[in-house]
Amino acid sequence: MKPVYFQIPKTSGETIRVQYEEQPHFYDHLHFHPEVQIMFICEGSGTRFIGDSIGSFSSGEILLLGPNLPHVFRNDKRYYDEDPGLKARNISLFFQMESFGDSFLSLPEVFPVHKLLLASKRGLRIKGETKKQVTALVQEMLHLEGFERFIQLFTILHLLSLSKELEPLSSVGFDGPQNDTDSKKINDVFRYIMSNFSEEVKLQEAANIANMSINAFCRYFKQHTSKTFSSFLNEIRIGHACRLLIEDKWNIRETAFECGFDNISYFNRQFKEITSYTPSEYVKLHREKYSSPLPLA
């Protein structure tokens, strides 16, 4: 998708920005920025778009997002209800690779960190024991300043550079856009899908929002998302279905209808194709092994 260029506010003399946010829902426009971002989600759930990947997010997730990587974290619909009593909280660290200089990043002792930052251009999800360690270090950053903050950042990056618990998100060939020419158009389509996926989503309506014919819109959408409109919509719906099943408020048939599917067989096929599990397998595995929703495959 074509995102909005986003400028991270910082004060003069500040190489590393530490930002704590608490709001009704996360900033919900697809955007990118030249800074590398380490994002810890303290509280909140929904759907994340990073490059050309789609997945669910929940409290406790931590990610490393490289420079100019389009992304957005869209909270579940209940976060947009009037006074829902929910909060979206996160801690983010922002810094630019250029701040450290090519010579420094090429040093033998630092080169693994340089490789990590290059890999971050795909977006990396941090898992396992590494996730626990990095979470504690990121939270401590709120109370550090100056050189101590600098040392802590490189402690985090060093830890990540040695870890085998990093999951790449976006595809190898993804090349993020470098301008925001189409930002309003694609974000309007994005909001239409996210606001209506549990009901009937009409291709014609999406094309109208983009002010295009259906054929032109389908080409445009595939070019900007690396997905067809129908596959994109199905991934959104299945991601929401995963959370509903884990919450154990709905049975499989009710979940399918709640997520916009009017055919249970088609829902089951799409669920297996996208997650690699049947709905019942997904729930069983979660109950046996996980304390948070299984990610989309």
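Below, the structure is looked at part by part. (Residues numbered from 1 in each chain as written. Predicted model: local features only at pLDDT ≥ 70, side-chain atom pairs only at ≥ 80, totals over all residues. Heavy atoms only, no water.)

## Overview of the packing of helix 3 (residues 128–140) against helix 4 (residues 146–162)
To keep things clear, this is the line we draw: Angles here are taken between N-to-C directions and fall from 0 to 180 degrees, while the axes themselves are lines fitted to C-alpha atoms, restricted in helices to the stretch in contact. Secondary structure elements follow DSSP: runs of H or I no shorter than four residues count as helices, runs of E no shorter than two count as strands, and numbering proceeds from the N terminus. By the definition adopted for this analysis, an angle is roughly parallel if under 35 degrees, roughly antiparallel if over 145, roughly perpendicular if from 65 to 115, and oblique otherwise. The contact definition used throughout considers only heavy atoms, calling two residues in contact when any of these lie within 4.5 Å. Under the convention adopted here, Pro, Cys and the residues Ala, Val, Leu, Ile, Met, Phe, Trp and Tyr are nonpolar, Asp, Glu, Lys and Arg are charged, and Gly plus all remaining residues are polar.
Close contact between helix 3 and helix 4 brings their axes to 10 Å; oriented N to C, the two are set at 170 degrees. Our classification of the angle between helix 3 and helix 4 gives roughly antiparallel. Across the interface between the two elements, Thr-130, Gln-133, Val-134, Leu-137, Val-138 and Glu-140 from helix 3 touch Gln-152, Thr-155, Ile-156, Leu-159 and Leu-160 from helix 4. Partitioning the contact of helix 3 with helix 4 into residue classes produces 6 nonpolar, 4 polar and 1 charged.

## As for the sheet that holds strand 7 (residues 62–65)
What counts here: We treat two strands as partners when DSSP finds at least two bridges between them.
Spatially, 2-9-4-7-10-11 is the arrangement adopted by the 6 strands of the open sheet, whose pairing is antiparallel. Each of the sheet's edge strands pairs with one partner strand only, and the pair in question is strand 2 (17–23) and strand 11 (166–168). Neighbour to neighbour, the strand axes of the sheet diverge by 20 degrees on average, direction disregarded. Pairing of strand 7 with strand 10 (residues 124–126) involves 2 bridges; the strand directions are antiparallel. The partner of Leu-64 across the bridge, within strand 10, is Leu-124.

## Remarks on the packing of helix 2 (residues 111–119) against helix 4
Where helix 2 meets helix 4, the axes come as close as 9 Å, and the angle between the chain directions of the two elements is 80 degrees. One way to sum up the angle between helix 2 and helix 4 is to call them roughly perpendicular. Of the residues in helix 4, those touching helix 2 at Pro-112, Val-113, Leu-116 and Leu-117 are Phe-154, Leu-157, His-158, Leu-160 and Ser-161. Broken down by class, the residue content of the contact of helix 2 with helix 4 amounts to 7 nonpolar, 2 polar and no charged.

## What about the packing of aromatic side chains?
Spelled out, the test is: Only centres within 6.5 Å qualify two rings of Phe, Tyr or Trp (six-membered ring in Trp) as a pair; their planes then separate them into stacked at under 30 degrees, edge-to-face at over 60, and tilted for everything else. Relative accessibility thresholds used throughout: buried, under 20% of the residue-type maximum; exposed, over 50%; partly exposed, between the two (1.4 Å probe, protein chains only). By the criterion adopted, a ring carries a charge over it if an Arg CZ or a Lys NZ lies within 6 Å of its centre and within 35 degrees of its normal.
Counted by the stated rule, this structure contains 19 aromatic pairs. Pairing Phe-49 with Phe-190 gives two aromatic rings, centres 4.9 Å apart and planes at 80 degrees, and the pair type is edge-to-face. In this pair, Phe-49 sits in strand 5 (residues 46–50) while Phe-190 sits in helix 5 (residues 183–196), placing the two residues 141 residues apart along the sequence. Judged by relative accessible area, which is 2%, Phe-49 ranks as buried. Phe-190 gets classed as buried once you look at its relative accessible area, which sits at 1%. Aromatic rings pair up to connect Phe-49, Phe-190, Phe-217, Phe-221, Phe-229 and Phe-232 into one cluster. Above the face of the Phe-261 ring, Arg-237 is positioned so that its terminal group lies 5.8 Å from the ring centre.

## Quick notes on the nonpolar core
Test applied: By convention a nonpolar core is built from buried Ala, Val, Leu, Ile, Met, Phe, Trp, Tyr and Cys residues, the set being connected through side-chain atoms within 4.5 Å.
In this structure, Ile-38, Phe-95, Val-138, Leu-153 and Ile-156 are the most contacted members of the largest nonpolar core, which totals 30 residues. Only strand 4 (36–43), strand 7, strand 9 (88–95), helix 2, strand 10, helix 3 and helix 4 provide two or more residues apiece to this core.

## Re unusual backbone geometry
In this structure, Asn-211 takes a positive phi of about 60 degrees despite not being glycine. Secondary-structure assignment places Asn-211 in the loop between helix 6 (203–209) and helix 7 (214–225). Backbone geometry places Ser-276, a non-glycine residue, at a positive phi of 75 degrees. Relative to the elements of secondary structure, Ser-276 occurs in the loop between helix 10 (264–275) and helix 11 (279–289). Judged by its relative accessible area of 45%, Ser-276 is partly exposed.

## Some points on the pairing of strand 6 (residues 53–57)
With 5 of its 5 residues buried, strand 6 lies for the most part within the structure. Of the two faces of strand 6, the one holding Ser-53, Gly-55 and Phe-57 and the one holding Ile-54 and Ser-56 are both buried throughout. The sheet contact formed by strand 5 and strand 6 spans 5 bridges and is antiparallel. If you follow Gly-46 over to strand 6, its bridge partner there is Phe-57. A loop of 2 residues connects strand 5 with strand 6, the two strands running antiparallel in sequence, and Gly-51 in this loop sits at a positive phi of about 60 degrees.

## Section: the pattern of salt bridges
A side chain with one charge may pair with a side chain of the opposite charge, provided their charged atoms come close. This is how the line gets drawn: By salt bridge we mean one thing: a side-chain nitrogen of Lys or Arg within 4 Å of a carboxyl oxygen of Asp or Glu.
Counting across every chain of the model gives 10 salt bridges. Across the pair Glu-43 and Arg-89 runs a salt bridge, and its minimum N-O distance is 2.8 Å. One end of the pair, Glu-43, is in strand 4; the other, Arg-89, is in strand 9, with 46 residues separating them in the sequence. For Glu-43, a relative accessible area of 29% translates into the label partly exposed. Look at Arg-89 and you get partly exposed, because its relative accessible area is 22%. Within the structure, one salt-bridge network assembled from shared partners comprises Arg-48, Glu-61, Arg-125 and Glu-167.

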